[in-house]
2 protein chains.
Amino acid sequence: MRSGTNPTVNDVATAAGVSTATVSRCINSPEVVQPDTLRRVRAAIDTLGYAPNFGARALAAKRTNTVGAIVPTLENAIFARGLEAVQRELAAAGSTMLVSSSSYDPEQEAEQIRTLVARGADALLLIGFERSAEIYDFLDRRKIPHVVAWAFAPDQPRPAVGFDNRAAMRALAEKTLAFGHRRIGLVTAQREGNDRAQNRWLGLLDAMRAAGLGEDDLSLQETVYDIESGRAAAHALLTRDPRPTVIMCGNDVLAAGAMIAARELGLSVPEDVSITGFDDIEIARVLTPQLTTVHVPHREMGRRAARMLIDMRDDATAADSVELGTEVILRGTLGPAPVTP
Amino acid sequence: MRSGTNPTVNDVATAAGVSTATVSRCINSPEVVQPDTLRRVRAAIDTLGYAPNFGARALAAKRTNTVGAIVPTLENAIFARGLEAVQRELAAAGSTMLVSSSSYDPEQEAEQIRTLVARGADALLLIGFERSAEIYDFLDRRKIPHVVAWAFAPDQPRPAVGFDNRAAMRALAEKTLAFGHRRIGLVTAQREGNDRAQNRWLGLLDAMRAAGLGEDDLSLQETVYDIESGRAAAHALLTRDPRPTVIMCGNDVLAAGAMIAARELGLSVPEDVSITGFDDIEIARVLTPQLTTVHVPHREMGRRAARMLIDMRDDATAADSVELGTEVILRGTLGPAPVTP
DNA sequence: TTGTATGCGTTATCAT
DNA sequence: ATGATAACGCATACAA
């Protein structure tokens, strides 16, 4: 009994009276070994408390069973919920998830992609399409399977699982316009380098143009994704003259901030001003009144992305992109535009 | 030029006209190599696009520069915010964070601990003290450095960074009692296997006893941590006769659910019923009125935990536990107890 | 300061 | 079905 150091295949092999190769087989393809020896080996593994060494395994098998996920932020139920689904699905397939968050910073994202690849990630989950050609080149040269989630666009060659941000926002904007709103405020994340934000903005413009409005009818504030910033941005919009009759927000978190801004200014929602969000996370239902938003199937997206990642890693043949549907959820924060100028 | 396969130390060594050992040194302790050769080697690394193989490195160095973190859930700003801090701090020290979530399930947590250890995690971040002796034995035998976060108790031997859940809840309860509340409802997570929930409950009892109340004055509902469950649990408490004059919740998410329940029942907060939370996450400020809660320094906790993990991994000498302070935040949801029976 | 040589623990190839 | 053995790519003790 060697103590102090962990048991190895060798120890197990000796204990079970077989070769190391057989031990390895018992672990990786038990179906090819005789039931009898399998039992003996497993017993040895148990009594010795053997567990394969990760590094050695990765070195020999050229695979880590690890997939990396890089999200813009963890502090947001949107990605957290999706990631939880990713992790669950990966675990079921024997893989582990490595996450990191880029703080919505392309530079950091690039660095983290490199780090995760260096850490031996077999595949990568990325959010949104927009990133530098260098990074995509890097992934392609290294042949790292990767899927883009939270975004979908028919013309994008890379495997993706997501939804059409532009169409979804357009649908919401059409409802909004149908309520008679003509002076529109938009609180959005920084659009540069963020195709989701960009497309939501474009979707809004689509609807506005179809209704005979132009960019002049839109006041816009770019900000980072947190409640306080949403509040500040909405405050700025709501103190303009003329005041927008509706504040559409790039996500529910910003919308929650906008609700606070309205409260501060003594404006009632939706009588004085309407507010809309995007994502339909839990916060949408705790606001008073509840938030009109776009429902996005985050869990489903996470699951599908994980499956795709696993398939791509095993098959190497590029998977087909998946487009998921979204749904406009009408709740109390969206009402008719006030008639007063 | 060998194509199709990644360059190795050997390739770099040949290209730079040095030995593999020197290449290794250039990467791991550049200060011991001559500036001139260092430059040559770095040039070779660049042109070849060399990156160390993770598995080989882990195998040879017996270290992965990876630390695992297991949290009860990712779908909750509480842990998400802390984890983001952990990740940031680890990254600064050249380590990567492996996360997984246990869904508040001890069995899953145990399995994930084993998985992360098998994945070569150098150290582990755990939430709360309470887990089976087997798991602690496992960690001790394997000599896996680990720190417990989100909890602190003077009598606990294991390194921890957190706060005194019991004292914090007691402080909040004292404020509540000072508002005249005598019939108290508690919505808590399942206490068994969750020392945080357990201690918050005990803290409440401490305050109640000090005020001359007993367990009879407390109605209690155990539930899982999400808004809908919080709503249901609070609904159950609020339809009891006599109705509690305050619903204290194990965290802000449950409190958000309680707010919905109150709204459903046509009860105004805090005129008809007061509500309190715990954690002070963003949701606390978007509720109307804003939520009275206990502020917990999540980011600070994450940072400290990460530092501790790194120190323990490098030093092996057990670090000292850190107790962080909390603060009762009085906001609109806590008011005087209604006088009507 | 640099090079040589060996070990790290597995998996996979090729026999048997 | 099982065994022997050669990679796998790097770090490091030891030599020079």
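In this text the structure is predicted, and so the values were computed from the model without any measurement.

Conventions and cut-offs
Residues numbered from 1 in each chain as written. Chains lettered and ligands numbered in written order. Predicted model: local features only at pLDDT ≥ 70, side-chain atom pairs only at ≥ 80, totals over all residues. Heavy atoms only, no water. Helix = DSSP H or I, 4+ residues; strand = E, 2+ residues; numbered from the N terminus. Contact = heavy atoms within 4.5 Å. Areas by Shrake-Rupley, 256 points an atom, 1.4 Å probe, with all protein chains shown as cover. Lys, Arg positive; Asp, Glu negative; His and termini not counted. Charge placed at Lys NZ, Arg CZ, Asp CG, Glu CD. Buried area = accessible area lost by both parts, 1.4 Å probe. Salt bridge = Lys/Arg side-chain N within 4 Å of Asp/Glu carboxyl O. Polar contact = N/O pair within 3.5 Å; in protein donor to acceptor, adjacent residues only side chain to side chain. Nonpolar A, V, L, I, M, F, W, Y, C, P; charged D, E, K, R; others polar. UniProt positions renumbered as here; feature names shortened; annotations may be inferred. Near = heavy atom within 4 Å. Pairing = 2+ DSSP bridges. Axes fitted to C-alpha atoms, helices over the stretch in contact; angles between N-to-C directions. Least-squares fit on C-alpha atoms with pLDDT ≥ 70 in both. Buried < 20%, exposed > 50% of the residue type's maximum accessible area, 1.4 Å probe, protein only. Right-handed = clockwise from strand over helix to strand, strands pointing away. Phe/Tyr/Trp six-rings, centres within 6.5 Å; stacked < 30°, edge-to-face > 60°. Expected span 1.5 Å × (residues − 1).

S.K.: Summarise the overall build of chain A; cite the residues concerned and give the values.
M.R.: Within chain A, the secondary structure is distributed over 13 helices and twelve strands. With the C-alpha coordinates of chain A rotated into their principal frame, the extents come out at 90 × 35 × 30 Å. The long-range share in chain A, meaning contacts at least 24 apart out of those at least 6 apart in sequence, stands at 68%. Counting every atom, chain A has about 14400 Å² of accessible surface; 48% of that belongs to carbon and sulfur. When the 37 basic and 43 acidic side-chain charges of chain A are each reduced to a single mean position, those positions are 6 Å apart.

S.K.: Talk me through the interface of chain A and chain B; I want residue IDs and the actual numbers.
M.R.: Across the boundary between the two partners, chain A contributes 52 residues, which contact 52 residues of chain B. In terms of surface lost to chain B, no three residues of chain A exceed A:Glu75, A:Arg119 and A:Val286, which account for 16% of the buried area on that side. For the pair chain A and chain B, the number of links is four salt bridges. Between B:Glu75 and A:Arg81 there is a salt bridge whose closest N-O contact spans 3.8 Å. Inspection of the chain A/chain B interface yields 22 residue pairs in polar contact (both at pLDDT 80 or more). The residue makeup of the side of chain A that touches chain B, split by class, is 20 nonpolar, 20 polar and twelve charged.

S.K.: Describe in detail the UniProt feature "domain: HTH lacI-type" (unreviewed entry) in chain A, supporting the description with residues and values.
M.R.: Here, the residues flagged by UniProt with the feature "domain: HTH lacI-type" (unreviewed entry) are residues 7–61 of chain A. Annotated as residues 7–61 of chain A, this span is 71% helix and 0% strand, and its ends, taken at the C-alpha atoms, are 20 Å apart.

S.K.: Let's hear about the protein's contact with DNA strand D: which residues, and what values?
M.R.: Around DNA strand D, 26 residues are found, and the nearest of them are A:Thr22, A:Arg25, B:Val9, B:Ser24 and B:Tyr50. Put simply, 64% of the atoms of DNA strand D that lie within 4 Å of the protein are in sugar or phosphate. A distance of 3.0 Å separates a phosphate oxygen of DNA strand D from a polar backbone atom of A:Ser19. In the model, a phosphate oxygen of DNA strand D is placed 3.1 Å from a nitrogen or oxygen of the B:Asn28 side chain. Among the elements of the structure, α2 (20–28) and α4 (54–61) of chain A together with α2 (20–28) and α4 (54–61) of chain B are those that each provide at least two residues to the surface near DNA strand D. Class assignment of the residues belonging to the surface near DNA strand D gives a composition of twelve nonpolar, ten polar and four charged.

S.K.: Provide a residue-level description of the sheet that holds strand β6 (residues 184–189) of chain B, including the pertinent values.
M.R.: Residue and element names in this part refer to chain B. As summarised here, the arrangement of the four strands in space is β7-β6-β8-β9, forming an open sheet in which the pairing is parallel. Unpaired on one side and paired on the other, β7 (218–223) and β9 (274–276) mark the two borders of the sheet. Strand-to-strand, the axes of this sheet are offset by a mean angle of 15°, without reference to chain direction. Note that β6 and strand β8 (residues 246–249) share four bridges and pair parallel. Looking at the pairing, Ile-184 lines up with Val-246 of β8. Against the sheet, helix α10 (residues 227–238) touches β6, β7 and β8, its axis set at about 155° to β7.

S.K.: Can you lay out the relation of the copies chain A and chain B for me, pointing to particular residues and giving the numbers?
M.R.: Laying chain A over chain B is done by rotating through 180° and shifting 0.1 Å along the axis; what remains is an RMSD of 0.2 Å. Between the two chains, the operation in question is that of a two-fold axis. Rotation axis and chain A: the residue whose C-alpha lies nearest the axis is A:Gly55, separated from it by 2.1 Å. The share of interface residues of chain A whose copies in chain B are also at the interface is 100%, consistent with both copies meeting through the same surface.

S.K.: Any details on the pairing of strand β2 (residues 96–101) of chain A? Residues and values, ideally.
M.R.: All names here are of chain A. Most of β2 sits inside the fold, with six of its six residues counted as buried. Going residue by residue along β2, you find Thr-96, Leu-98 and Ser-100 tucked away on one face and Met-97, Val-99 and Ser-101 tucked away on the opposite face as well. Each parallel crossover has a hand, and for strand β1 (residues 66–71) linked through helix α5 (residues 77–92) to β2 it is right-handed.

S.K.: Tell me about the sheet that holds strand β6 (residues 184–189) of chain A, and please be specific about residues and values.
M.R.: Residues and elements named next belong to chain A. The parallel open sheet is built from four strands, whose spatial order is β7-β6-β8-β9. Bordering the open sheet on either side are β7 (218–223) and β9 (274–276), each of which pairs with just one other strand. Shown here is a sheet whose adjacent strand axes are inclined to one another by a mean of 15°, direction ignored. Summarising the sheet, β6 and β7 pair through six bridges and their orientation is parallel. When the bridges of β7 are listed, Ala-189 appears paired with Thr-223. Together, β6, β7 and β8 (246–249) form the strand contacts of helix α9 (residues 195–210), whose direction differs from that of β6 by roughly 165°.

S.K.: Break down the protein's contact with DNA strand C for me, with residues and values.
M.R.: Neighbouring residues of DNA strand C: 27 residues in total, closest A:Val9, A:Ser24, A:Tyr50, B:Thr22 and B:Arg25. Within 4 Å of the protein, the contacting atoms of DNA strand C are drawn from sugar and phosphate to the extent of 64%. In the environment of DNA strand C, a phosphate oxygen lies 2.8 Å from a nitrogen or oxygen atom belonging to the side chain of A:Arg57. Elements with a contribution of two residues or more to the surface near DNA strand C: α2 and α4 of chain A together with α2 and α4 of chain B. A per-element tally of the surface near DNA strand C places α4(A) first, with five residues. A breakdown of the residues in the surface near DNA strand C according to their chemical character gives 15 nonpolar, eight polar and four charged.

S.K.: I'd love a proper account of helix α1 (residues 9–16) of chain B, names of residues and values included.
M.R.: All names here are of chain B. For α1, the complete set of buried residues consists of Asp-11, Val-12, Ala-13 and Ala-16. Summarising the contacts, the buried residues of α1 are in contact with α2 and α3 (35–48). Immediately beyond the C-terminal end of α1, within one or two residues, lies Gly-17, with a positive phi of roughly 70°.

S.K.: Requested: an account of unusual backbone geometry, with residues and values cited.
M.R.: Residue and element names in this part refer to chain A. Between Asp-241 and Pro-242 the backbone carries a cis peptide bond, its omega angle lying at 0°. Tracing the chain through its elements places Pro-242 in the loop between α10 (227–238) and β8. Residues other than glycine seldom take positive phi values, yet Lys-62 does so here, at roughly 55°. The topology assignment puts Lys-62 in the loop between α4 and β1.

S.K.: Would you mind going over the packing of aromatic side chains in detail, with residue names and values included?
M.R.: Residues and elements named next belong to chain A. Enumeration according to the criterion identifies seven aromatic pairs over all chains in this entry. Judged by centre distance (5.3 Å) and plane angle (50°), the ring pair of Phe-79 and Trp-150 falls under tilted. Remark: Trp-150 occurs in the loop between β4 (146–149) and β5 (160–162) and Phe-79 occurs in helix α5; sequence separation between them is 71 residues. Considered together, Phe-79 and Trp-150 belong to a single accessibility category, that of buried residues. With a centroid separation of 5.1 Å and 75° between ring planes, the pair formed by Tyr-104 and Tyr-225 is classed as edge-to-face. With Tyr-104 in the loop between β2 and α6 (106–118) and Tyr-225 in the loop between β7 and α10, this residue pair connects regions lying 121 residues apart in the sequence.

S.K.: Before we move on, could you go through the pairing of β8(B) and cite the residues and values that matter?
M.R.: All names here are of chain B. Residue alternation in β8 divides its side chains into two sets, Val-246 and Met-248 and Ile-247 and Cys-249, and both sets are buried. Pairing between β8 and β9: three bridges, direction parallel. When the sheet's bridge partners are listed, Met-248 is paired in β9 with Thr-276. This β-α-β element, β8 to helix α11 (residues 252–264) to β9, shows right-handed connectivity.

S.K.: Break down helix α8 (residues 165–178) of chain B for me, citing the residues and quoting the values.
M.R.: All names here are of chain B. Helix length check: α8 (14 residues) gives 20 Å between terminal C-alpha atoms against 20 Å at 1.5 Å per residue, within 8%. Looking only at α8, the buried set comprises Asn-165, Ala-168, Met-169, Leu-172, Ala-173, Thr-176 and Leu-177. Contact partners of the buried residues in α8: β6, α9 (195–210), β8, β9, β10 (293–295) and β12 (327–329). At the N-terminal end of α8, a side-chain oxygen is found 3.0 Å from the backbone nitrogen of Arg-166, two or three residues along, and the residue is Asp-164. Directly beyond the C-terminal end of α8, a positive phi value near 95° is found at Gly-180.

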